[in-house]
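In case you want the letters, here they are:
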2 protein chains.
Amino acid sequence: MTNPDAASGADAAALLWGAPGAAVKRGPKPRFTLEAIVDAARQIADEDGLSQVTMQNVADRLGAAKMALYRYVPGRAELDAVMLDTAFGSPDELNAGDWRAALTAWSLALYDRALQHPWVVELAGRPHTPGPAEIGWYEAGLEALSSLPLAEADKLDALALLSGHALSMARRAADAENTEELLAVRLYPHLMANAHRFPRTAAAFAASSSGDRDHALRFGIDRIIDGLAAHA
Amino acid sequence: MTNPDAASGADAAALLWGAPGAAVKRGPKPRFTLEAIVDAARQIADEDGLSQVTMQNVADRLGAAKMALYRYVPGRAELDAVMLDTAFGSPDELNAGDWRAALTAWSLALYDRALQHPWVVELAGRPHTPGPAEIGWYEAGLEALSSLPLAEADKLDALALLSGHALSMARRAADAENTEELLAVRLYPHLMANAHRFPRTAAAFAASSSGDRDHALRFGIDRIIDGLAAHA
DNA sequence: GTTATTTGCGTCTCTTGGACACAATACACA
DNA sequence: TGTGTATTGTGTCCAAGAGACGCAAATAAC
């Protein structure tokens, strides 16, 4: 019945939104905290990539045994969920008066966050339960959009569009050298060899010399905002 | 040196773009083909989800031993790459005269493809070597954009924007019941309980009754296209 | 002090991807 | 026609990684 492709457990929401109030309990003092565990996981992800975030590695970093972690986190999926929401953080309180400027700032801020922790892109890309921090971003985005005469549903859609673009660009930028090599070595030769089948694509790739990552970011944001302006 | 987070092997490109010409060889006749293996994997993914695509399951479906597959596919990552490109297929040759109509049709066609095989969204979402089919979509998209006075690099960016949106919407639609439950049961109560912290978001979610998936799709496409029109 | 809990964690199991060796097969060449 | 050789199918083994289970130590409540 349960689809194993769906990420996060039912318990993720409890961890993300649950009350931190934990009364005095009976047994031994807990040696760790959820925060410490998530911090350790975040460090590993920042340093060695998300694939190195294993229960074992996290436990090692804390000087604990692997199974000790399960007293604080139900499972790997829930750890991912908390890592993601923690890394999102709260959006900066920057409100330029113009809605265009505000939305642009919002998108760029999200992009910066994602650049600081490249792995958030991967986590955010899979289905997950949003936590308070992620909702905080939506709240800020809706505030930036508040002056626009759009249906509420459309505002949410617009934010999803912008955030999707920002995160997508952040991924590209994050493994730039990797992507560079990927395209240059793996795609390019084959594409050029088949230039007769894909003349436009070959030309386009040849013209755009894997240049300005920033340009693509701004281009997308500007286009979406222009589209919103044209519609409202 | 090699980043294990990077998907696909170096061999993926060879499988995707390599010449199919295999001369007469010496040993026993091959019992299988790459195509048959990929087909089996595709079927499993369609029926039971991407997580059920394991070498073991694919082999079982073909009546082969697991290790036999490795004679045809270097590894799991390469299988993913070929599955992805195969599922993309070639875009339909539909050219409405208007560039707006053509681009819209292109986006909708991509959305439909993704709906037919929901797992392509997940595969396309991770870094991978593009194959001929994927490049074919770019070629068709560039053709639709050919009349617009945009830099080649910008055209590629525009297509990435549109395809990202289409695939993102396809994912939502694919596990609709799942997402429905995710939001309704897991997010909604907590969001409403914290409505004081997130008034706009709570209101927006309450207003948009998880309705029209198609609306969000069209909204995004229209906004992007409007933005392109405003810019060109 | 006794008892009910709760923590830390050692041990075991299951699932996946993959390396490696070996026997069977079928063409090349003499 | 026989021999060599490359290639295929596959059995066996191994390493990760997630997690179930149970037990001993710690500690608050009575």
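The structure displayed is predicted, hence computed values, not measured ones. (Residues numbered from 1 in each chain as written. Chains lettered and ligands numbered in written order. Predicted model: local features only at pLDDT ≥ 70, side-chain atom pairs only at ≥ 80, totals over all residues. Heavy atoms only, no water.)

*Asks:* Pulling in residues and values, what's your account of the protein's contact with DNA strand C?
*Replies:* Neighbouring DNA strand C are 27 residues, the closest being A:Pro28, A:Arg31, A:Arg71, A:Tyr72 and B:Lys29. Sugar and phosphate atoms constitute 54% of the interface atoms of DNA strand C, taking the interface as everything within 4 Å of the protein. Contact between DNA strand C and B:Lys29: a phosphate oxygen at 2.7 Å from a side-chain N or O atom of the residue. Measuring from a base oxygen of DNA strand C, one finds a side-chain N or O atom of B:Lys66 at 2.9 Å. (Near = heavy atom within 4 Å. Polar contact = N/O pair within 3.5 Å; in protein donor to acceptor, adjacent residues only side chain to side chain.)

*Asks:* Lay out the interface of chain B and chain A with the relevant residues and their values.
*Replies:* In this assembly, 66 residues from chain B lie in contact with 65 residues from chain A. With both chains or domains summed, chain B and chain A bury close to 5,400 Å², and 66% of this area falls on carbon and sulfur atoms. Counting every contact that joins chain B to chain A gives 8 residue pairs in polar contact (both at pLDDT 80 or more). Only helix H1 (11–17), helix H7 (132–144), helix H8 (152–174), helix H9 (176–193), helix H10 (199–207) and helix H11 (213–231) of chain B provide two or more residues apiece to the side of chain B that touches chain A. Partitioned by chemical class, the residues of the side of chain B that touches chain A number 31 nonpolar, 21 polar and 14 charged. (Contact = heavy atoms within 4.5 Å. Buried area = accessible area lost by both parts, 1.4 Å probe. Helix = DSSP H or I, 4+ residues; strand = E, 2+ residues; numbered from the N terminus. Nonpolar A, V, L, I, M, F, W, Y, C, P; charged D, E, K, R; others polar.)

*Asks:* Just give me the short version of the pattern of salt bridges, but keep the residues and values in it.
*Replies:* All names here are of chain A. Inspection of every chain in the model, using the stated rule, returns 18 salt bridges over all chains. Where Glu47 meets Arg61, a salt bridge forms, and the shortest distance between an N and an O atom there is 2.9 Å. Taken together, the positions of Glu47 in helix H2 (residues 34–48) and Arg61 in helix H3 (residues 55–62) put the pair 14 residues apart, joining distant regions of the chain. You can call Glu47 exposed: its relative accessible area is 52%. (Salt bridge = Lys/Arg side-chain N within 4 Å of Asp/Glu carboxyl O. Buried < 20%, exposed > 50% of the residue type's maximum accessible area, 1.4 Å probe, protein only.)

*Asks:* How would you sum up the domain arrangement of chain A? Please name residues and give values.
*Replies:* Residues and elements named next belong to chain A. Taken domain by domain, chain A consists of domain 1 (11–87) and domain 2 (90–231). Using C-alpha coordinates to define each centre, domain 1 is positioned 30 Å away from domain 2. On inspection of domain 1 and its partner domain 2, the count reaches 1 salt bridge. For the salt bridge of Asp80 with Arg126, the shortest nitrogen-to-oxygen distance reads 3.4 Å. Our count for the domain 1 to domain 2 interface comes out at 7 residue pairs in polar contact (both at pLDDT 80 or more). Elements that contribute at least two residues to the side of domain 1 that touches domain 2 include exactly helix H1 (11–17), H2 and helix H4 (76–88). With 5 residues, the top contributor of residues to the side of domain 1 that touches domain 2 is H4. Split by residue class, the side of domain 1 that touches domain 2 holds 8 nonpolar, no polar and 4 charged. (Domains from an automatic or database assignment.)

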